[in-house]
Amino acid sequence: MLRKTYIPLTRSLVRSYRAQYGFSTVASQESNSSDAVPDSVNDLSKPVHVRLPKRSPFMKSMFLGTVDTELLTFPESLNREEQSRLTKHAEQVRESLKPAGADASFNNLDALCLQGPLEYGGKQFIETELAYVSELMSEDRAAALVTLEHNTIVKILAQHGTDVLKEKYLQKMCAGEAVATSALYEVSSSRQTMFSTVANLDFANRKWTLNGSKVLLRNDAAEPNLLLVVASTKNMAQLNKEDGTVAVFLVDVQTKGVNISQTKIGSKGLSRVTVDFNHVELPEANLVGTEHGGAEIMTKFLSAARVQSSVVRVSLLKKILNSLTDFCINTKTSTGEMMDIEIVREQLARMASVIYAAESMIYMTTSLMDDFDSQDVEMEAAITKVFSADNLLKFATLPLQLLGPQALTAGNPFEGLFDDALKLFTGDESLDSVNFFIALTGLQYAGMHSYETIKKDRNPAMYPSHVLLKLFEKTSIEHPKKFANLQQFFHPSLDPAALWIEFSIVRMKLATECVLSRHGIEVIDRHVELGRLANIATQIYAMVATASRASRSYCIGLRHADHEVHLANMLCRETSEKIRLLAIELEKGPYITSDDDYNVVARNLFREKRYFFEHPITKNF
């Protein structure tokens, strides 16, 4: 009884302290304020969003078994004035979309200036504001993706572009006169350079020469006016430790030597765009950032693009769920109402929990970007994309499972939603590559901070005392031990979720140590184990974001908060069991699991160059 009384009191004091001293930018009640922005307060008077000092990486630290408990409280990035401005802008967007539908009025929303600087006609939106408005505009998904990418490039240019670039392009980009897109990905690879697209600097005339080819996917027929191009600047063999390998350029498509071609692929409206650079000369001012700072800019761009594109995926998931719910309510079967069928209820409930988790991850990640100066969020952003994209494809097929072939008949609304889901899933980067990035980034961070422990694990004969200590450890993957009492950072009704989160973090730490100790630097080639580790990290972030959001909702008394708590406990319970099984497989290794067996089968396929097993009715006599 004392515990139940003490914890809510402690949490209320902590929240008050955070609000007063800067750990949270606004109180919960203020976030729901409907105060209108005075007419005299215009965009040009909008203050810069205040950021706190940088914190340690949130998810990367969990690979070490540590948790930044200050970030467990679901963030409230917008203060009263920012919330009011955003509400006012959102109402304007809704009014613009009402008369003729999203397709007819999308271009009249000034959507291309949302993250532009105020002095160039922009709105200076932070990531949280952009995500909220993007939800309203995501009915036209192709245009929304173009808009989000354009705004991210505008923000990058405003932060890292030269004065010449800003004066030449920012005004046009904010006005919608020039649309920008990224050109990051390539079909061919090079062993000599990081990218096959190479930029060389002529020191005599201070110009860059760009050669190579890039590919990108477009959901609309319109060609971009500007390209954000990533290119190698130095041969890998000539690099020093301090050297960067890539640089970023802003290229006008009208520049001599730039050739663009489109090829229709797959689903209707989807095109593969190939951009060839044939001795394209660029002035030094077109360099974005520094010659050796391209990796940092590319990381910033990818983090923002991955999170903001997830907003569009989640909006589509909501539309699929709402359409399915309406269909089930108004459909009868031979045994009664379709909504009374247990399997239908289970599938829709699972879909709702996934949408809730993805939505929570999006706004937790945008707040990390907005609230802390230069915060490391590359892993959180990658996790958010993987989670939303994986589940989009999974649940886009749910109408086909529940309705059968009629779900994809021409004219059926589910047919269009399924087609849109395939387009959103088909991105420029494969999800496997993003998963490898998540796992390797976490392993690299853990390896740098636990080097001595890993060295002792890999050399047991040299450190016998360390081996004995490991033998008598009281925690294991099967029986993890609590380390941080995370229950005190959530509402008491979420104690089960907090316990499962804590056990899952311990399991990820132990699995990380196990993988590093077994493989060392060769872990980079253990793709199956990397995939399992990335899956664990993804599921943990989903658990944390879901429980944190549900706790906030219950504490401030939001409508349906009790259902959110139930959903969070349900999701964390099921997810913790998935993590336990994944961690056990990592502990067993490739020979006790089926990993090595799959390698054998695959090698035989490559040797025979086909499916080589004999037909079932073949006789040997």
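One can find the structure itself at the top, above this paragraph.
Here's what I pulled together on the structure shown here.

Rules behind the numbers
- Residues numbered from 1 in each chain as written.
- Predicted model: local features only at pLDDT ≥ 70, side-chain atom pairs only at ≥ 80, totals over all residues.
- Heavy atoms only, no water.
- Helix = DSSP H or I, 4+ residues; strand = E, 2+ residues; numbered from the N terminus.
- Polar contact = N/O pair within 3.5 Å; in protein donor to acceptor, adjacent residues only side chain to side chain.
- Axes fitted to C-alpha atoms, helices over the stretch in contact; angles between N-to-C directions.
- Parallel < 35°, antiparallel > 145°, perpendicular 65-115°, else oblique.
- Contact = heavy atoms within 4.5 Å.
- Salt bridge = Lys/Arg side-chain N within 4 Å of Asp/Glu carboxyl O.
- Buried < 20%, exposed > 50% of the residue type's maximum accessible area, 1.4 Å probe, protein only.
- Core = buried A, V, L, I, M, F, W, Y, C linked by side-chain atoms within 4.5 Å.

### Let's talk about the side chain of S84
Right, so step 1: Checked against the element boundaries, S84 lands in helix 4 (residues 80–97).
Right, so step 2: Among the polar contacts listed, one links the side chain of S84 to the backbone oxygen of R80, at a separation of 3.0 Å.

### Notes on the packing of helix 10 (residues 342–371) against helix 18 (residues 527–556)
Right, so step 1: Put simply, helix 10 and helix 18 touch, their axes get as near as 8 Å, and they point 90 degrees apart. As summarised for this structure, helix 10 and helix 18 are arranged roughly perpendicular, according to the angle between their axes. On helix 18, the residues touching Y356, A357, E359, S360, M361, M364, T365 and L368 of helix 10 are T538, Y541, A542, A545, T546, S548, R549, A550 and S553.

### What about the pattern of salt bridges?
Pairing is possible between side chains that carry opposite charge, provided their charged atoms lie close to one another.
Right, so step 1: Tallied over the entire structure, the rule returns 33 salt bridges.
Right, so step 2: For K214, the salt bridge identified is with E186, shortest N-O distance 3.0 Å. Taken together, the residues K214 in strand 3 (residues 207–218) and E186 in the loop between strand 1 (180–183) and strand 2 (198–202) connect sequence positions 28 residues apart. Of the two residues, K214 and E186, neither departs from the other in class, the shared state being buried.
Right, so step 3: Linking E281 and K207 is a salt bridge whose minimum nitrogen-to-oxygen distance equals 3.9 Å. Placement of the pair is E281 in strand 7 (residues 271–283) and K207 in strand 3, with a sequence separation of 74 residues.
Right, so step 4: Each member of the salt-bridge network shares a partner with another, and the members are E135, K318, E359 and R549.

### Examining the nonpolar core
Right, so step 1: In this structure, F58, M59, M62, I438, I501, M508 and I540 are the most contacted members of the largest nonpolar core, which totals 112 residues.
Right, so step 2: In terms of residue count, helix 10 provides more of this core than any other element does, 14 residues in total.
Right, so step 3: Once residues lying within four places of it in the same chain are set aside, the contact partners of F58 are V67, D68, L71, L72, M364, E380, Y541 and V544.
Right, so step 4: If you look at the next biggest cluster of nonpolar residues, it comprises 26 residues, including M173, L228, V230 and I297.

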